[in-house]
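Notes for the structure review
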Amino acid sequence: MAKPIPWKSESEIDNALHEAKGSLKRVLLDFSHAPQ
Amino acid sequence: MDTVTYPHEEVADFIQKNFIAVKIPRHELLEQIYRVPWTPTILILDPDGRERCREVGYLPPEDFLAHMNLALGRADFDDKDFSSAASFFQTVVDQHKTSETVPEALYFLGLSRSKMTGGTNDDRRAIWKQIMEAYPKCDWAKKVSVYFG
């Protein structure tokens with residue numbers, strides 16, 4: 001069973017960027033709400 | 001993406017290994033700031049917020065993994081981290097053999113290996129020959145054709 005992706009919310013973009021700075025990771029922004 | 005691609009075990013593992021993931025629900029201001037007129041759109045950002053990759057449109061799990069490995073490889077290549085870049089490109093070539101991203105991955109794998117070993121033409125040619133032989137009609141074959149006079 002896949003471990004669920006720990007998504008951050010849209011209000012946490014700055015936190016995500018800050019967290020990425022302390023790791024070797026980059027930030028993935030997913031705009032994939034229901035089709036328009 | 002939420003019903004097929006993101007629940008896929010390999011995709012979920014890949015995202016957690018390589019990204020801090022942020023999900024943006026419908027949000028007019030953020031769509032304006034990041035210039036997103038259509039969804040699904042996926043952006044990869046550096047920690048300083050600089051955009052490094054943009055994917056528009058649905059990607060099934062296999063394609064998502066191929067495109068993301070290629071994107072991270074391209075980002076590392078541009079940052080001159082050629083060893084890490086080569087690792088991502090090699091993953092595309094080895095694990096996503098049917099992806100349309102393979103010729104591009106081979107192109108940059110050749111360049112990355114060449115940079116890692118001091119820039120000899122032989123390194124590039126051996127890898128680029130695979131593009132000429134397996135994907136002779138693609139744009140990447142045209143790019144390397146000049147080296148195979």
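Residues numbered from 1 in each chain as written. Chains lettered and ligands numbered in written order. Predicted model: local features only at pLDDT ≥ 70, side-chain atom pairs only at ≥ 80, totals over all residues.

**So, the overall build of chain B**
Scanning chain B for helices and strands turns up 7 helices and 3 strands. The buried share of chain B, reckoned over its 149 residues, is 37%. Taking the intrachain contacts of chain B between residues at least 6 apart in sequence as the baseline, contacts between residues at least 24 apart amount to 42%. (Helix = DSSP H or I, 4+ residues; strand = E, 2+ residues; numbered from the N terminus. Buried ≥ 20, exposed ≤ 12 C-beta atoms within 10 Å, placed from the backbone. Contact = placed C-beta atoms within 7 Å.)

**Here's the deal with the sheet that holds strand S1 (residues 26–31) of chain A**
Strands sit in the order S1(B)-S1(A)-S2(B)-S3(B) across an open sheet of 4 strands; the sheet is mixed. Sheet topology places strand S1 (19–23) and strand S3 (51–56) of chain B at the edges, where each strand pairs with a single neighbour. Averaged over all neighbouring strand pairs, the angle between strand axes comes to 15°, with direction disregarded. As judged from the 5 bridges shared by S1(A) and strand S2 (residues 41–45) of chain B, these two strands associate in the antiparallel manner. For A:Leu29, the partnering residue across the bridge sits in S2(B) and is B:Leu43. Each of S1 of chain A together with S1 and S2 of chain B touches helix H1 (residues 13–21) of chain A; the most contacted strand, S1(B), lies at about 175° to it. (Pairing = 2+ DSSP bridges. Axes fitted to C-alpha atoms, helices over the stretch in contact; angles between N-to-C directions.)

**With respect to the interface of chain B and chain A**
Counting residues at the interface gives 34 residues for chain B, matched by 26 residues for chain A. Put simply, the parts of the chain that give the side of chain B that touches chain A at least two residues each are helix H1 (9–18), S1, helix H2 (28–33) and S2 of chain B. Partitioning the side of chain B that touches chain A into residue classes produces 20 nonpolar, 7 polar and 7 charged. (Nonpolar A, V, L, I, M, F, W, Y, C, P; charged D, E, K, R; others polar.)

**Overview of H1(B)**
Structurally, the α-helix is built with 3.6 residues per turn, so residues lying three or four positions apart point the same way. All names here are of chain B. Buried within H1 are the following residues: Val11, Ala12 and Ile15. Along H1, the residues classed as buried sweep out an arc of 100° about the axis, all on the same side. What points out from H1, more than 90 degrees from its buried face, is the exposed set Glu9 and Lys17. (Arc of directions from axis to C-beta.)

**Notes on the packing of H1(B) against helix H3 (residues 61–78) of chain B**
Residues and elements named next belong to chain B. At a minimum axis distance of 10 Å, the contact between H1 and H3 shows a crossing angle of 20°. One way to sum up the angle between H1 and H3 is to call them roughly parallel. When you trace H1 past H3, the crossing you get is left-handed. Of the residues in H3, those touching H1 at Glu10, Val11, Phe14 and Asn18 are Pro61, Phe64, Leu65, Met68 and Leu72. Looking at the contact of H1 with H3, its residues break down into 7 nonpolar, 1 polar and 1 charged. (Parallel < 35°, antiparallel > 145°, perpendicular 65-115°, else oblique. Left-handed = near helix turned anticlockwise from the far one by under 90°.)

**Things to note about the pairing of S3(B)**
All names here are of chain B. One ladder, built from 5 bridges, connects S2 with S3; its direction is antiparallel. Directly across from isoleucine 44, in S3, lies its bridge partner cysteine 53. In this antiparallel pair of consecutive strands, S2 and S3, the connection spans 5 residues, and glycine 49 shows a positive phi of 90°.

**Observations concerning the nonpolar core**
Core analysis: the biggest nonpolar cluster contains 49 residues, and A:Val27 and A:Leu28 have the highest contact counts within it. Per element, the largest residue contribution to this core is 9 residues, and it comes from H3(B). Ignoring anything within four residues of it in the chain, the contact list for A:Val27 reads A:Ala16, A:Leu17, A:Ala20, B:Phe19, B:Ile20, B:Val22 and B:Leu45. (Core = buried A, V, L, I, M, F, W, Y, C linked by C-beta atoms within 7 Å.)

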